[in-house]
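Residues per chain are reported as follows:
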Amino acid sequence: YSPQSQERDTALLGDLPCVYLGSNHGPSCSYVEVDNDLGAFEASPYLCRLGHRPIVFLGGRTGSRTLEQRLAGYRRSMLMNGLTPYEFVAPESVQKLRSWCYEQAEELFRGGCIPDAVIAYSDAIAMQVLAAAEKHGLRAPEDFSIVGFDDISISMLPQIHLTSISQQKSRTGRMAVERLVAQIKDGIGQTADIVQPELMIRSSCRKK
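Residues numbered from 1 in each chain as written. Predicted model: local features only at pLDDT ≥ 70, side-chain atom pairs only at ≥ 80, totals over all residues. Heavy atoms only, no water.

A. View of the packing of aromatic side chains. In total, this model carries two aromatic pairs according to the counting rule given. One cation-aromatic arrangement involves Arg70 over Tyr121; the distance from NZ or CZ to the ring centre is 5.0 Å. Above the ring of Phe149, the side-chain terminus of Arg70 is found at 3.7 Å from the ring centroid. (Phe/Tyr/Trp six-rings, centres within 6.5 Å; stacked < 30°, edge-to-face > 60°. Lys NZ or Arg CZ within 6 Å of the ring centre and 35° of its normal.)

Set out below in structure tokens:
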């Protein structure tokens, strides 16, 4: 899903009121999105405080605005902490992103160069990293720490208990509905809302 999707949607929606959720939108629409840059930025210092180096970023597909924002935050934080960014990002041509990420993680673990910590592009990608690690007899947080992004419900399961950056979905969803209702009832123009993310600390990370 990319900003160009909005251009396609416009032909279908016409003048109907619309509010986009997320980052992959064009500049002319109303939207509510989480601050992806800040979320990724905050994950690195947390891992640094735990004593982790190197910290790898894994996942996402080139061409995604969400990925661009999360990578920007990761890079900025790494450089501020005097660390080298290590990124594994799928080319735009990749169709099965989760499979690609699993293969990259498996290659990483197979090579024996286990990173201290991984920041996954999303919780779904974090699950692929954990599955690849398990295949090679590795577990989090015993062998490495991992942080996801999105804070999906499965991340809270006791078997996983994944530390994750929350997109505040309830808040963003409620705000989007409020903006849409205001468009319909009051005829307000374009709105742009950025929601602050929250680091949800669970047990997939530990002090080195």
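B. Inspection of the packing of helix H4 (residues 97-110) against helix H5 (residues 123-135) at higher detail. Closest axis-to-axis distance for the H4/H5 pair is 8 Å, and the angle between their directions is 40°. Classed by the angle they form, the pair H4 and H5 counts as oblique. Considering the relative orientation of H4 and H5, their crossing is right-handed. Across from Leu97, Arg98, Cys101, Tyr102, Ala105, Glu106 and Phe109 in H4, the residues of H5 making contact are Ala124, Ile125, Gln128, Val129, Ala131, Ala132, Ala133 and Lys135. Considering only residue class, the contact of H4 with H5 consists of eleven nonpolar, one polar and three charged. (Axes fitted to C-alpha atoms, helices over the stretch in contact; angles between N-to-C directions. Helix = DSSP H or I, 4+ residues; strand = E, 2+ residues; numbered from the N terminus. Parallel < 35°, antiparallel > 145°, perpendicular 65-115°, else oblique. Left-handed = near helix turned anticlockwise from the far one by under 90°. Contact = heavy atoms within 4.5 Å. Nonpolar A, V, L, I, M, F, W, Y, C, P; charged D, E, K, R; others polar.)

C. Focus on the pairing of strand S2 (residues 30-34). Counted residue by residue, S2 has five buried out of five residues, so it is predominantly covered. Here S2 shows two buried faces, one formed by Ser30, Val32 and Val34 and the other by Tyr31 and Glu33. Where strand S1 (residues 19-21) meets S2, three bridges bridge the pair, whose relative direction is parallel. The residue bridging Val19 from the neighbouring strand is Ser30, located in S2. (Buried < 20%, exposed > 50% of the residue type's maximum accessible area, 1.4 Å probe, protein only. Pairing = 2+ DSSP bridges.)

D. Summary view of the packing of helix H2 (residues 36-49) against helix H3 (residues 65-80). H3 packs onto H2 with a crossing angle of 35° between their chain directions and a minimal axis gap of 7 Å. Handedness of the crossing formed by H2 with H3: right-handed. Each of Asn36, Asp37, Ala40, Phe41, Ser44 and Pro45 in H2 lies in contact with H3, whose residues at this interface are Thr66, Gln69, Arg70, Ala72, Gly73, Tyr74, Arg76, Ser77, Met78 and Met80. Its residues assigned to classes, the contact of H2 with H3 comprises seven nonpolar, six polar and three charged.

E. How the structure looks around the nonpolar core. Membership of the largest hydrophobic core comes to 42 residues, with the highest contact counts inside it found for Leu47, Ile55, Leu58, Tyr74, Phe109 and Phe144. Residue assignment for this core shows that the elements contributing at least two residues are H2, strand S3 (55-61), H3, H4, strand S5 (117-120), H5 and strand S6 (145-150). Here the element with the most residues in this core is H5; it accounts for six residues. Excluding its chain neighbours within four sequence positions, the residues that come into contact with Tyr74 are Ala40, Phe41, Ser44, Ile55, Val56, Phe57, Thr84, Pro85, Tyr86, Glu87 and Ile119. In terms of nonpolar packing, the next biggest core, distinct from the first, is built from five residues, Val32, Met175, Ala176 and Val195 among them. (Core = buried A, V, L, I, M, F, W, Y, C linked by side-chain atoms within 4.5 Å.)

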